[in-house]
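Below, each chain spelled out in residue letters.
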Amino acid sequence: MKIHYSLFSLVFLFQFLSLGFTSSAYTLPDKFFINCGSQTNIKTDGRREFTGDLNSGSFSFSKQSKTVKDSNQAVEIYQTARVFSQPSFYEFEINNNSTYLVRLHFFAFSSSINLSTAVFDVLTSTSKFLLLENFTVQNPSHSPIVKEFILSIAIGKFKIYFTPKVSSFAFVNAIEVFPGPENFIPDQAGYIRTSGNVSNYTGLLSKLVYPIYRINVGGPTLTQDNDTLWRNWKPDDSYLLNPDAVKNQTYSVKPNYLGEVSEYIAPDFVYQTARELSNSSSSDSNSNSNINWSFRVSKNAMHFVRLHFCDIVSPSPNVTIFNLYVDGNLIERIAPYSIVNELAAPFYLDYVVDSDSGTMNISVGLNSDTDWRTAFLNGLEIMELIATNRVRFRRLMSPRKIVYWSWKSKPAEPLEWFPLHIYGAGNSHGKVLCARPAINPSLPRDQVNLADWGMHCKNKGVIEEIVDPSLKGKITPNSLRKFIETVEKCLEDDGVDRPTMGDVLWDLEYALQFEQSSTRREPHEDTTTNSSSVLILPDVKRFPSFSQSINDMPNLTSNSFISSENDVFSQLRIKNAR
């Protein structure tokens, strides 16, 4: 066994003691809780009111959508859903910089649309986090699915995008977006490497935090009805490796919350129960030295781990010291009285843990520096850390054919971008599609300017006339139409009406999905495919925007482009232009 003591306990102690000087009371927010596809406001537990999305002026959503309903469902927020057949969004006006909890509720009830066949992505405007990819609600248990995410959101507009896959759709039953308590997620925590070495990790607030486990150690299941922030906690029985080495402890009085540690960090029920090491469960003293839990986690990922403690086991103050282990490495010597100077006073320890094996083992065990030899744990949370999604470029065809770009989730990789001239991007897309320069004085007068000629042909319904002859008949009609719409938006006369680069990527990804779908499965390749079932895009002027300024976009190095196409994109490198 490796032994690694860290200085992080001192850092935590300083931060904990300073909380009392910066404490501000947290009150439960009244928004945003949304009952999607409904005009009805619903109070679920006396504390939350889900506002019907047809009823509110405090948020907005894409109007190109429909609603479905099943009044037979017992839980009212799962009686309706909003369904999107094209990229769509909900938009919120955020008034405070904070760490927010975002919950998406899905329940595939029976309706005129088979909701269980939906396949879609969900992402946010903030840091372009991909929340769900190729998500589908396949739920044999016929119970709702709630996906929760924790992320920093700044003042301004915040959007959640729902992007259906080609020939599919997206839906959502209810949405929650609300701020957590101050310092709910810290920016710094102890960093436990796979070697067991402990250092300091900075940058948690730039991550997307995805809860995987909330464990009420030694206690029962806790549902959103009896949790302060409407969370769900599971008992630890399924994860406890040596149940014979433990005994349960309970505490009937309200815990002694100090500083900013409150019932919103974890509810009373978590701190009122614990697993304690039992000294009499076996004659083999070695088997009784630790309490061990094991959890399956993502391989080669980073996880945020929060351990909850409340000393409801000691006979008197300042007599208990015990050890904390992660994956067999001694990480911390825990002396509760040195952190909180009262019994039954909750505290918690935060760590970022490197996870390579796909399994995380947590243990508490005896320490030889104390006469009262025991160890305990009250609660445990494990959350996966997801970095900003990286935008990467992809060539679909040869250099003389259409070039598409797409979003692709690549966790833990940095974003790179550069300021783009959006009008120039429109011209460049047209040049690639038509295999001709933007200006060609040798052509007839009405065809000299490619942008003008292209819009003329588009308005006349003969856009095929401008397409490179080598591409005619090889482009899916819907893909071509989406591509032309994107070019048209880039060529708006007024710069404020042109899309951001996020919009351009969004639209080109949609065009790419049409082209790939056609490439994967032509009508003649599958007798069950009806070629007339191709999804027809509505004739809209503009698709949902990421509402990101150019300055908000990441940097892209010039070598991200394919060298044979450098001349096509040369005019895009115009600093701070739109």
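Residues numbered from 1 in each chain as written. Predicted model: local features only at pLDDT ≥ 70, side-chain atom pairs only at ≥ 80, totals over all residues. Heavy atoms only, no water.

Enquirer: Explain the overall build of the protein here, please?
Expert: Counting secondary structure elements, the protein contains 8 helices and 30 strands. Every one of the 578 residues in the protein was classed for burial, and the buried ones make up 54%. Long-range pairs, those at least 24 residues apart, make up 76% of the contacts in the protein with a sequence separation of at least 6. Summed over its atoms, the accessible surface of the protein is roughly 25300 Å², and 48% of this surface lies on carbon and sulfur atoms. (Helix = DSSP H or I, 4+ residues; strand = E, 2+ residues; numbered from the N terminus. Buried < 20%, exposed > 50% of the residue type's maximum accessible area, 1.4 Å probe, protein only. Contact = heavy atoms within 4.5 Å. Areas by Shrake-Rupley, 256 points an atom, 1.4 Å probe, with all protein chains shown as cover.)

Enquirer: How should I be thinking about unusual backbone geometry in this particular structure?
Expert: In the segment running from K31 into F32, the intervening peptide bond is cis, with an omega of 5°. Residue S167 is not a glycine yet carries a positive backbone phi of 65°. Note that S167 resides in the loop between β12 (156–164) and β13 (170–172).

Enquirer: Help me out: how do you make sense of the side chain of T320 in this one?
Expert: Summarising the element assignment, T320 is placed in the loop between β22 (301–309) and β23 (322–326). Polar side-chain contacts of T320 include one of 2.5 Å to the side chain of S314. Each residue touching T320, except ones within four places of it in the same chain, is listed here: D311, S314, I334, A335, P336, T370, W372, T374 and F376. (Polar contact = N/O pair within 3.5 Å; in protein donor to acceptor, adjacent residues only side chain to side chain.)

Enquirer: Could you clarify how one ought to interpret the pattern of salt bridges in this entry?
Expert: Once their charged atoms are close, side chains differing in charge can pair, the charge on each being opposite to the other. In the structure shown here, the tally under the stated rule is 20 salt bridges. As a salt-bridge pair, R48 and E176 come within 3.0 Å of each other at their nearest N and O atoms. With a gap of 128 residues between them, R48 in the loop between β2 (42–43) and β3 (49–52) and E176 in strand β14 (residues 174–179) connect regions that are remote in the sequence. A single burial state applies to R48 and to E176, both of which are buried. Residues E485 and K482 are paired through a salt bridge, measuring 3.1 Å at the closest nitrogen-oxygen approach. Of this pair, E485 and K482 are both found in helix α6 (residues 477–490), 3 residues apart, which corresponds to roughly one turn of the helix. With relative accessibility at 0%, the residue K482 sits in the buried group. Taken together, the salt bridges that share partners define one network made up of D45, R47, R48, R103, E148, E176, R214 and E381. (Salt bridge = Lys/Arg side-chain N within 4 Å of Asp/Glu carboxyl O.)

Enquirer: Looking at this model, I keep getting lost on empty space enclosed by the protein. Mind explaining?
Expert: Gaps left between atoms are located by rolling a probe of water-molecule size over the structure's atoms. Per the counting criterion, the structure on display carries 4 cavities of 30 Å³ or more. Forming the boundary of the second largest cavity are D311, S314, S316, P317, N318, V319, T320, P336, Y337, V340, E342 and L343. Among the residues making up the lining of the second largest cavity, the classes are represented as 6 nonpolar, 4 polar and 2 charged. (1 Å grid on protein atoms, 1.4 Å probe; cavity = no way out; pocket = protein on both sides within 12 Å on 5 of 7 lines; lining within 4 Å. Points joined across faces, edges and corners; volume = space filled by probe spheres on them. Nonpolar A, V, L, I, M, F, W, Y, C, P; charged D, E, K, R; others polar.)

Enquirer: For this particular structure, what's the right way to read the sheet that holds β13?
Expert: Backbone-to-backbone hydrogen bonds join strands into a sheet, with any given pair of strands oriented parallel or antiparallel. What the 3 strands build is an open sheet, ordered β5-β6-β13; its pairing is antiparallel. At either end of the open sheet lies a strand with only one pairing partner, and these are β5 (66–69) and β13. Each strand axis lies, on average, 30° off the axis of its neighbour in the sheet, ignoring direction. By the bridge criterion, 4 bridges tie β5 to strand β6 (residues 80–84) in an arrangement that is antiparallel. Note on β6: the bridge partner recorded for K66 is V83. (Pairing = 2+ DSSP bridges. Axes fitted to C-alpha atoms, helices over the stretch in contact; angles between N-to-C directions.)

Enquirer: Sorry, what's going on with the side chain of D354 here?
Expert: Counting through the fold element by element, D354 comes out in strand β25 (residues 347–355). For the buried D354, which has no salt bridge, the nearest side chain bearing the opposite charge is R193, at an N-O separation of 4.9 Å. Engagement of the side chain of D354 in a polar contact is seen with the side chain of Y191, the distance being 2.7 Å. (Lys, Arg positive; Asp, Glu negative; His and termini not counted.)

Enquirer: It is not clear to me how the environment of T202 should be interpreted in this structure. Could you clarify?
Expert: When you line up the elements, T202 lands in strand β16 (residues 198–202). Overall, the relative accessible area of 48% leaves T202 in the partly exposed class. Considering only alpha carbons, one finds T202 and G190, 12 residues apart in sequence, at a separation of 8.9 Å. Among all residues touching T202, those that are not within four sequence positions of it are D187 and Q188. Here the side chain of T202 touches Q188 through a polar contact of 3.3 Å, side chain to side chain.

Enquirer: Would you mind going over helix α5 (residues 450–460) with me for this structure?
Expert: The α-helix winds at 3.6 residues per turn, so residues separated by three or four positions along the chain end up facing the same way. Where α5 is concerned, the buried positions are L450, A451, W453, G454 and C457. Burial along α5 is one-sided: seen end-on, the buried residues are contained in an arc of 165°. Projecting away from the buried face of α5 at angles above 90 degrees are the exposed residues D452, N459 and K460. One or two residues past the end of α5 sits G461, with phi positive at roughly 80°. (Arc of directions from axis to C-beta.)

Enquirer: How do you make sense of the sheet that holds strand β7 (residues 88–94) when you look at a structure like this?
Expert: Sheet architecture is open: 5 strands sit in the order β4-β7-β12-β9-β10, paired in antiparallel fashion. Taken across any chain shown, the strands that pair with only one partner, and hence form the sheet edges, are β4 (59–61) and β10 (130–135). Taken over all neighbouring pairs, the strand axes of this sheet differ in orientation by 10° on average, direction set aside. Bridging between strand β9 (residues 120–124) and β12 involves 5 bridges; their strand directions are antiparallel.

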